[in-house]
Amino acid sequence: MTDHELMWRIAGGSGDGIASTSQNFAKALMRAGLHVFTHRHYPSRIRGGHTYTEVRADTEPVRSRGDGFNCLLALGDSFARNPKEGAYYGDEEVKPLSENLDELNEGGVIVYDTGLLDADDIPDFEERAEENDWHVYPINLREIAREHGREVMRNTAGVGATAALLGIDLAYFEELMAESMPEDILEPNKEILHYTHDMVKEEFEFTHDLRVPEGSHDEEQVLLSGSDTIAYGAIDEGCRFIAGYPMTPWTEVFTIMSQALPQLGGISEQVEDEIAAAALALGASHAGVKSMSGSSGGGFALMSEPLGLAEMSETPVVLVEAMRAGPSTGLPTKPEQADLEHVLYTSQGDSNRVVLAPGTVAEAYEQSRLAFQLAYGYNIPAILLYDQKIGGELMNVPASHFDREPNPDLGAVTTEEELEDAPHGPGGKFHRYRYDAEDGVSPRAIPGQKGGHFLVTGNEHNPAGHIDEDPTNRVTQVERRASKLDAIREFLDDKSTQTYMGPDEAQYGLITFGSQQGTVAEAVDRLNDAGHSVKGIGVSDMMPYPVEEMTEFLESVDEALVVEMNSSGQFRGLTQKELGRFGDKLSSLLKYNGEPFEPAEIVTGFEASIEGQDVPDQQTTYVPAAGD
């Protein structure tokens, strides 16, 4: 591990600049030629409370967080509520050091700020360090920052110390500083960076063998999160209207879109609640603008009524649902995949919607664009389902991945020329909801088009949009709307939007959906290297479900373990609903403690499951196949 992979964790308090420092650290390593992947952990507080970010860097592509980490920069929590041992939440000031020791790998490196932290406050610290062969470097980062700049610059001092210990070229950090800092802040930061770097090299004897690996890229890379790529995909697909209300973790997509759209002639509206947000997006789409909205958890629950209206009125719109641990407020800053059933079925009556769950940062861009293509091509609402993990993690992606043509096309709309020959009712109303529409898709007219006026209602209606409760009309319209999903499934089958892992032929299968894809892919590789016969599939299409692909996959294996972040096995349940005959092949590995899987947890869970043993880890839960 020490010769090809770095797993660096920076820990402090919310408001201490942990996110920005780790982002620059990851970007510097990317520019140095490495592949990087980050993982964020932060409390639901504006300031104070233990927060950390991991940066995993390797010479080969990195798809997941690692197993533990091997270098810790502990800054202390400068915004601790009550830095006393007897405080209700404990001594928060020392938690960035004390609460990260359990996951620090053997032989790891510790740098901690003695300006805020005292290792003597941590029981058995020296004994644990000796037992685990940790290499400890106490440095007064706070004092260095005060003497050469300001106290808030102790992060820069920590980066300088890390660079010295791991052999990282300071030029990459200086380059990033110059790009983002004004001169009055840049100079003291550079001074602190160099001073700490040189001091550490001069005053400490390095006892560790951990060094940053050396790598190179064949093409230009960019460092992005899933929130970035969802927003960029929407923009490239022609979205020019967004309405929303802030709610973690959806807020990041909303913020990026709100900053970009005004520069592109678009509109962003922050409204009073999520009902209004979805309704505004629906109205903008009806008026002829590609539109989106979104939320998380309870906020998305408020969108059920406008979502039902979109289904009944066949108004295209894209909604984003960023899952977090629930129910209710739950763990608002932690990832979970427990909103799947909610997103599939919320609203009234039978669902006619598309639900896509991207598995990687790169996929989030592709499926954001695909959501708009399907919504506007079939006049149906489409939902992009993701979670805090993929929304907040950063990874490098080739810049060429985004070198694609934009698509402003409004999809299934009619022109004024076509309206002249289109069927109309006795009163001249356009037959917007034709019984005989191909693939169930009856093209819509845009308000203001000559000959295109029609009625829109949430009631069942006839072709012109008039309320109609006739049983024959009802059956015809329900079946027409539902037939769109069959046409969409046929379209998606030709694209193959699922991700396959491992060998083509294997005895066992690993199945997952959404953000756990990269972790499962790494676990598949490790299991095969260990002599097991395993392949995997990451499923992105939640609705309509990929019946043919999943049937072929399940028929090819003896058993399959479904990996997901919830307590009820929702994706396994969806698979059994669609493919009930495979119920005796499907078991579950679940995690719902607010943290995503590590690859080793999946490896251990799989090996225990095939041997009929309990999973030796209280952080994950194994649920056997039906009948076992």
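Residues numbered from 1 in each chain as written. Predicted model: local features only at pLDDT ≥ 70, side-chain atom pairs only at ≥ 80, totals over all residues. Heavy atoms only, no water.

Looking at the overall build of the protein
- Helix and strand counts for the protein come out as 21 helices and 21 strands.
- For the protein, the spread of C-alpha atoms along the three principal axes comes to 90 × 60 × 50 Å.
- The 628 residues of the protein split such that 58% are buried.
- By sequence separation, contacts in the protein at least 24 residues apart represent 77% of the contacts at least 6 residues apart.
- Counting every atom, the protein has about 25200 Å² of accessible surface; 46% of that belongs to carbon and sulfur.
- Taking the average location of the 46 positive side-chain charges in the protein and that of its 109 negative ones, the two points are 6 Å from each other. (Helix = DSSP H or I, 4+ residues; strand = E, 2+ residues; numbered from the N terminus. Buried < 20%, exposed > 50% of the residue type's maximum accessible area, 1.4 Å probe, protein only. Contact = heavy atoms within 4.5 Å. Areas by Shrake-Rupley, 256 points an atom, 1.4 Å probe, with all protein chains shown as cover. Lys, Arg positive; Asp, Glu negative; His and termini not counted. Charge placed at Lys NZ, Arg CZ, Asp CG, Glu CD.)

Focus: the domain arrangement of the protein
- Split by domain assignment, the protein resolves into domain 1 (6-203), domain 2 (223-402), domain 3 (416-494) and domain 4 (499-623).
- With centres defined by C-alpha atoms, the gap from domain 1 to domain 3 works out at 59 Å. (Domains from an automatic or database assignment.)

Details of the packing of aromatic side chains
- With the rule as written, the count across this model stands at 13 aromatic pairs.
- Taking 6.3 Å as the distance between ring centres and 85 degrees as the angle between the ring planes, the aromatic pair formed by Tyr 137 and Phe 206 counts as edge-to-face. Placement of the pair is Tyr 137 in strand S6 (residues 135-139) and Phe 206 in the loop between helix H7 (183-203) and strand S7 (221-225), with a sequence separation of 69 residues.
- Overall, the relative accessible area of 26% leaves Phe 206 in the partly exposed class.
- For the ring pair Trp 250 and Phe 254, a centre distance of 5.3 Å and an interplane angle of 10 degrees mean the geometry is stacked. Of the two residues, Trp 250 and Phe 254, both sit in the buried class.
- Every member of this aromatic cluster is reached through a ring pair, and the members are Trp 8, Phe 25 and Phe 173.
- Taking NZ or CZ as reference, Arg 9 lies 3.7 Å from the ring centre of Tyr 52, over its face.
- One cation-aromatic arrangement involves Lys 591 over Phe 597; the distance from NZ or CZ to the ring centre is 5.9 Å. (Phe/Tyr/Trp six-rings, centres within 6.5 Å; stacked < 30°, edge-to-face > 60°. Lys NZ or Arg CZ within 6 Å of the ring centre and 35° of its normal.)

Some words on the sheet that holds strand S17 (residues 534-539)
- Across the sheet, which stays open at both edges, the six strands sit in the order S15-S17-S16-S19-S20-S21 with mixed pairing between neighbours. Looking along the sheet, the strands with just one partner apiece sit at the ends: strand S15 (499-501) and strand S21 (621-623). Sheet twist, expressed as the mean angle between neighbouring strand axes with direction ignored, is 20 degrees.
- As paired strands, S15 and S17 are joined by three bridges and run antiparallel to one another. Its bridge partner being in S17, Tyr 500 is matched across the sheet by Ile 537. (Pairing = 2+ DSSP bridges. Axes fitted to C-alpha atoms, helices over the stretch in contact; angles between N-to-C directions.)

Some remarks on the pairing of strand S8 (residues 241-244)
- Neither face of S8 is left uncovered, since the one carrying Phe 241 and Ala 243 and the one carrying Ile 242 and Gly 244 both have all their residues buried.
- When S8 meets strand S9 (residues 267-270), the two strands line up parallel, connected through four bridges. The partner of Ile 242 across the bridge, within S9, is Ser 268.
- Of the crossover connections in this fold, the one passing from S8 over helix H9 (residues 251-260) to the parallel S9 is right-handed.
- The pairing of S8 with strand S10 (residues 291-295) spans three bridges and is parallel. What sits directly across from Ala 243, in S10, is Ser 293. (Right-handed = clockwise from strand over helix to strand, strands pointing away.)

Digging into helix H1 (residues 18-31)
- For H1, built from 14 residues, the straight-helix expectation of 20 Å at 1.5 Å per residue is met to within 8% by its first-to-last C-alpha distance of 20 Å.
- Every buried residue of H1 is listed here: Ile 18, Thr 21, Ser 22, Phe 25, Ala 26, Ala 28, Leu 29 and Met 30.
- Of the residues flanking the end of H1, it is Gly 33, one or two places downstream, whose phi is positive at about 105 degrees. (Expected span 1.5 Å × (residues − 1).)

A short note on the environment of Ser 533
- Its place among the elements puts Ser 533 in the loop between helix H18 (517-529) and S17.
- At 2.9 Å, the side chain of Ser 533 forms a polar contact with the backbone nitrogen of Gln 507. (Polar contact = N/O pair within 3.5 Å; in protein donor to acceptor, adjacent residues only side chain to side chain.)

Topic: the nonpolar core
- Core analysis: the biggest nonpolar cluster contains 45 residues, and Leu 6, Phe 25, Leu 29 and Phe 173 have the highest contact counts within it.
- The element that contributes the greatest number of residues to this core is helix H5 (residues 154-166), accounting for seven residues.
- When residues no more than four places from it in sequence are discounted, the contact partners of Phe 25 are Leu 6, Trp 8, Val 55, Val 159, Thr 162, Ile 168 and Phe 173.
- Membership of the second largest hydrophobic core comes to 41 residues, among which are Val 271, Met 303, Leu 340 and Phe 582. (Core = buried A, V, L, I, M, F, W, Y, C linked by side-chain atoms within 4.5 Å.)

Description of unusual backbone geometry
- Omega for the peptide link from Gly 326 to Pro 327 comes to 0 degrees, which places this bond in the cis form.
- Checked against the element boundaries, Pro 327 lands in the loop between strand S11 (317-323) and helix H13 (340-345).
- For the bond running from Met 543 to Pro 544, omega is 0 degrees, close enough to zero to count as cis.
- Positionally, Pro 544 belongs in the loop between strand S18 (541-543) and helix H19 (547-555).
- With a phi angle near 55 degrees, Asp 133 is a residue other than glycine that sits in the positive phi range.
- As for its position among the elements, Asp 133 is in the loop between helix H3 (125-131) and S6.
- Look at Asp 133 and you get partly exposed, because its relative accessible area is 42%.
- Of note in this structure, Ser 328 is not a glycine but carries a positive phi near 55 degrees.
- Relative to the helices and strands, Ser 328 is located in the loop between S11 and H13.

Here we look at the side chain of Asn 566
- Summarising the element assignment, Asn 566 is placed in the loop between strand S19 (559-564) and helix H20 (570-578).
- Since its relative accessible area comes to 0%, Asn 566 is described here as buried.
- For Asn 566, the side chain forms a polar contact with the main-chain oxygen of Gln 337, separated by 3.0 Å.
- A distance of 3.3 Å separates the side chain of Asn 566 from the backbone nitrogen of Ser 568, its partner in a polar contact.
- Setting aside its immediate chain neighbours within four residues, Asn 566 contacts Glu 336, Gln 337, Ala 338, Leu 590, Lys 591 and Tyr 592.

Overview of the pattern of salt bridges
- Throughout the structure, instances matching the rule amount to 33 salt bridges.
- A salt bridge links Arg 40 to Glu 252; the nearest nitrogen and oxygen atoms lie 3.0 Å apart. Of this pair, Arg 40 sits in strand S2 (residues 35-41) while Glu 252 sits in helix H9, placing them 212 residues apart in sequence.
- Its relative accessible area of 27% is what places Glu 252 among the partly exposed residues.
- Of the charged contacts, one joins Glu 311 and Arg 353 as a salt bridge, the two residues approaching to 2.8 Å between their closest N and O atoms. Of this pair, Glu 311 sits in helix H12 (residues 304-313) while Arg 353 sits in the loop between H13 and strand S12 (354-356), placing them 42 residues apart in sequence. (Salt bridge = Lys/Arg side-chain N within 4 Å of Asp/Glu carboxyl O.)

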